[in-house]
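Tertiary structure, described
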Amino acid sequence: MKTKRYPTVVSYTAYMKVLCDNNRADEATDIYKQMLQCGLTPTCHTYNILMVHLISSVQNSSRGFYKVARLWGGTRQSDVQYFGRAM
């Protein structure tokens with residue numbers, strides 16, 4: 001009898017890295033959200049991959065800082081502005 005297998009945090013993180021390495025950061029954030037919906041807890045490595053790639057892909061874009069801030073819960077405009085200036 002076959003056992004049903006589910007993706008782990010490691011497999012989600014690896015998939016997000018592949019997406020980010022191929023300039024598909026938007027899809028990687030969708031996968032991150034899907035991982036959370038499955039009840040998995042991200043690791044430091046997961047956060048590192050997303051932060052490095054999201055910020056490097058949108059270094060000079062306030063829209064990019066807004067996306068990063070929203071991903072981690074900063075949704076007020078003042079939070080986004082501060083986050084953008086801090087970088």
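Being a predicted model, the structure only gives us computed values, none of them experimental.

The helix and strand inventory of the chain stands at five helices and zero strands. Shown N-terminal to C-terminal, the secondary structure of the chain runs as helices and strands in the order α-α-α-α-α. When the 87 residues of the chain are sorted by exposure, 30% land in the buried category. Nonlocal contacts in the chain, meaning residues at least 24 apart in sequence, comprise 46% of its contacts between residues at least 6 apart. By element, 53% of the accessible surface of the chain is carried by carbon and sulfur atoms, the whole surface being about 6,300 Å².

Sites flagged by UniProt as "repeat: PPR" (unreviewed entry) map to residues 8-42. Helix makes up 74% of residues 8-42 and strand 0%, with an end-to-end C-alpha separation of 10 Å.

Assignment of secondary structure puts Val 9 in helix H1 (residues 9-21). On the basis of relative accessible area, Val 9 is assigned to the buried category, the value being 14%. Put simply, Val 9 and Leu 40 are 31 residues apart on the chain and 6.4 Å apart in space, counted from C-alpha to C-alpha. Residues contacting Val 9, with those up to four places away along its chain left out, are Met 35, Leu 40, Thr 41, Pro 42, Thr 43 and Thr 46.

Let us look at the pattern of salt bridges. Counting across every chain of the model gives two salt bridges. Between Asp 21 and Lys 17 there is a salt bridge, and its shortest N-O distance comes to 3.0 Å. With Asp 21 and Lys 17 both in helix H1 and four residues apart, this pair spans about one turn of that helix. Assessed through its relative accessible area of 33%, Lys 17 is described here as partly exposed. For Arg 24, the salt bridge goes to Glu 27, with nearest N and O atoms at 2.8 Å.

Turning our eyes to something else, we now look at unusual backbone geometry. Despite not being glycine, Asn 23 has its phi angle at roughly 55 degrees, a positive value. Turning to its location among the elements, Asn 23 is positioned in the loop between H1 and helix H2 (25-37).

Each pair of packed helices can be described by the angle between their axes along with the distance between the axes. Contact geometry for H1 and H2: axes closest at 8 Å, N-to-C directions at 165 degrees. Judged by the inter-axis angle, H1 sits roughly antiparallel to H2. Viewed along their axes, H1 and H2 form a crossing whose handedness is left-handed. Residues Val 9, Tyr 12, Tyr 15, Met 16, Leu 19 and Cys 20 of H1 form the contact with H2, whose participating residues are Ala 25, Glu 27, Ala 28, Ile 31, Tyr 32, Gln 34 and Met 35. Here the residues of the contact of H1 with H2 are counted per class, giving eleven nonpolar, one polar and one charged.

Thresholds applied
Residues numbered from 1 in each chain as written. Predicted model: local features only at pLDDT ≥ 70, side-chain atom pairs only at ≥ 80, totals over all residues. Heavy atoms only, no water. Helix = DSSP H or I, 4+ residues; strand = E, 2+ residues; numbered from the N terminus. Buried < 20%, exposed > 50% of the residue type's maximum accessible area, 1.4 Å probe, protein only. Contact = heavy atoms within 4.5 Å. Areas by Shrake-Rupley, 256 points an atom, 1.4 Å probe, with all protein chains shown as cover. UniProt positions renumbered as here; feature names shortened; annotations may be inferred. Salt bridge = Lys/Arg side-chain N within 4 Å of Asp/Glu carboxyl O. Axes fitted to C-alpha atoms, helices over the stretch in contact; angles between N-to-C directions. Parallel < 35°, antiparallel > 145°, perpendicular 65-115°, else oblique. Left-handed = near helix turned anticlockwise from the far one by under 90°. Nonpolar A, V, L, I, M, F, W, Y, C, P; charged D, E, K, R; others polar.

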